[in-house]
Amino acid sequence: MKAININDKQKNKFIILIALFIIQFVFIYAVDFFCWNRIASYELVKTEICSKWGNNQAINDVYIAIANTDGKIEKKYFPKMLNAKSELIPEVRHRGIYNIAVFTANVSASATFEPVNGEKRKLIIEISDANGTASLSGRMNNRELKFSYDAEHKYFVSDIPAEIGAGDMNANFDIVLRGSGSFSFGASGEKNSFKMHSKWGNPKFIGYRLPDTYKIDEKNFTAEWNIDNINKISGLSENVGTEILVAFDSYAKVDRAIGYSFLFLMIFMATLIAGEWVSKNKLHILQYAVASCTPVIFYLLLLSTSEFLGFEAGFILCATIATSMISIYTLIAFRSGKSMLIILLSNILSYILMYVILNMQIYALIAGSLVITAGLAIAMCATAKINRNTPEATA
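Conventions used here
Residues numbered from 1 in each chain as written. Predicted model: local features only at pLDDT ≥ 70, side-chain atom pairs only at ≥ 80, totals over all residues. Heavy atoms only, no water. Helix = DSSP H or I, 4+ residues; strand = E, 2+ residues; numbered from the N terminus. Buried < 20%, exposed > 50% of the residue type's maximum accessible area, 1.4 Å probe, protein only. Contact = heavy atoms within 4.5 Å. Areas by Shrake-Rupley, 256 points an atom, 1.4 Å probe, with all protein chains shown as cover. Patch = residues over 30% accessible without salt bridge, like charges linked within 9 Å, V, L, I, M, F, W, Y side chains within 5 Å. Salt bridge = Lys/Arg side-chain N within 4 Å of Asp/Glu carboxyl O. Polar contact = N/O pair within 3.5 Å; in protein donor to acceptor, adjacent residues only side chain to side chain. Phe/Tyr/Trp six-rings, centres within 6.5 Å; stacked < 30°, edge-to-face > 60°. Lys NZ or Arg CZ within 6 Å of the ring centre and 35° of its normal. Core = buried A, V, L, I, M, F, W, Y, C linked by side-chain atoms within 4.5 Å. Axes fitted to C-alpha atoms, helices over the stretch in contact; angles between N-to-C directions. Parallel < 35°, antiparallel > 145°, perpendicular 65-115°, else oblique. Left-handed = near helix turned anticlockwise from the far one by under 90°. Nonpolar A, V, L, I, M, F, W, Y, C, P; charged D, E, K, R; others polar.

**Quick word on the overall build of the protein**
For the protein, the count of helices and strands is 10 helices and 15 strands. Taken over 395 residues, the protein has a buried fraction of 41%. Here the analysis covers contacts within the protein between residues at least 6 apart in sequence; of these, 75% occur between residues at least 24 apart. Of the roughly 21,500 Å² of accessible surface on the protein, a fraction of 60% belongs to carbon and sulfur atoms.

Encoded structure:
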């Protein structure tokens, strides 16, 4: 292989290209700042809507309490059986370009207690966001319960009628809750059975265990949990449930795409240099600067179009625009169809590579690392004999 000598003019050009590379990197990460700014705006809109409608909802505990003369709880009795069925009715609230999912939960529940004696018996239901409680009614042994909200202790409470005495105490109650984000039950009984249904095809189950049985299709899901003796095992009421969220990953994907910009920029600058070598026509440094704006424009367009079209459609559109612009520009600048073809194909392949890496998730890091390693190996082969035979190199 013939040795390559680099003169001062080429060295200066190389330094300028590195400077352009760094400038591109800075501007692309400025786009990342805009991305996080949009995420912050989304969270503000979500907080505003959810604060007025309802936040994460959970029926944490159901129990009978014995209160002393001061009204303070002395002892708690948890149910030996707790059953609940819930129907989640989701809807999407729109605010500008943002979509926020909220829901209404219609809950029918029953709790069976061992006989509890005492003068000041109370049935207590702990709900995480009382502001989202649209209605609450209940009965115990066919006697009506009148619930009120205790703001100091943050729970709903009803006195148990004095005529309810011997035998099991069976409570039934219906709750309508408005919320957003998640809905869950606390397994406060010795035995617990929770059933949940919703016309929402993209649930995310949460809590300390997955449902025992569940079914999910494009528009609905059903789930059922059967939990035995949770209080005796852990001493705590663990929650199980689901999240109801709008798929909102376009900003996250744009942020990840920016994370691989170093790899993309290396390929982009290398193809410009390869285009010079094939065409034998040198680009002016101003032409390099103009061409270097293309990756920045790609990321900026990707961020803005993804908000309306979604990430996949936005990526294809922006990649097509950026590839067309740089291909036409280099065709005119190099006056060489071969150089334009190299840049066209390398851009297409680099965008495909980026899209594949972004969707690999688990293997994205190793895939990106291997591509960078391969690029470094090619660069080593191309530069191994630079200034090999010059006096400076042998001095």
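**Concerning a nonpolar patch on the surface**
A contiguous nonpolar surface patch, about 600 Å² in accessible area, is contributed by L341, L345, I348, L349, I352, V356 and M360. Mapped onto the secondary structure, I352 falls in helix α8 (residues 337-360).

**Considering unusual backbone geometry**
Phi is positive for N141, close to 50°, though the residue is something other than glycine. Here N141 shows up in the loop between β6 (133-140) and β7 (143-145). Although it is not a glycine, N142 sits at a positive phi angle of roughly 65°.

**Quick look at the side chain of S193**
Along the chain, S193 falls in strand β11 (residues 191-198). Overall, the relative accessible area of 14% leaves S193 in the buried class. Within polar-contact distance, the side chain of S193 engages the side chain of N226 at 3.3 Å.

**Looking at the packing of aromatic side chains**
Under the definition given, this model contains 23 aromatic pairs. Taking the centre distance of 5.4 Å and the plane angle of 50° together, the rings of F315 and Y355 count as tilted. You can see F315 sitting in helix α7 (residues 311-334) and its partner Y355 sitting in helix α8, a full 40 residues away along the chain. The exposure class assigned to Y355 is partly exposed, which follows from its relative accessible area of 28%. Joined through ring pairs, the aromatic side chains of F264, F298, Y299, F311, F315, Y351 and Y355 make up one cluster. Across the ring face of W53, the terminal group of R178 is positioned such that the distance to the ring centre comes to 4.6 Å.

**Description of the nonpolar core**
Counting 47 residues, the largest nonpolar core has F298, Y299, L302, F315 and M354 as its most contacted members. Of all the elements in the fold, those that place two or more residues in this core are α1 (8-53), β4 (98-113), α3 (250-259), α4 (261-279), α5 (285-291), α6 (293-309), α7 and α8. Among the elements that make up this core, the one with the highest residue count is α1 (12 residues). When near neighbours in sequence (up to four residues on either side) are disregarded, Y299 contacts I28, V31, A257, I258, Y260, S261, F264 and M354. In terms of nonpolar packing, the next biggest core, distinct from the first, is built from 43 residues, I59, F156, F185 and V240 among them.

**Describing the packing of α4 against α7**
Remark: α4 packs on α7, axes separated minimally by 11 Å, with the N-to-C direction vectors making an angle of 30°. By the angle class used here, α4 and α7 are roughly parallel. Where α4 crosses over α7, the two elements pack in a sense that is right-handed. On the side of α4, the interface is formed by F268, L272, G275, E276 and S279, while α7 contributes I326, T330 and F334. Considering only residue class, the contact of α4 with α7 consists of 4 nonpolar, 3 polar and 1 charged.

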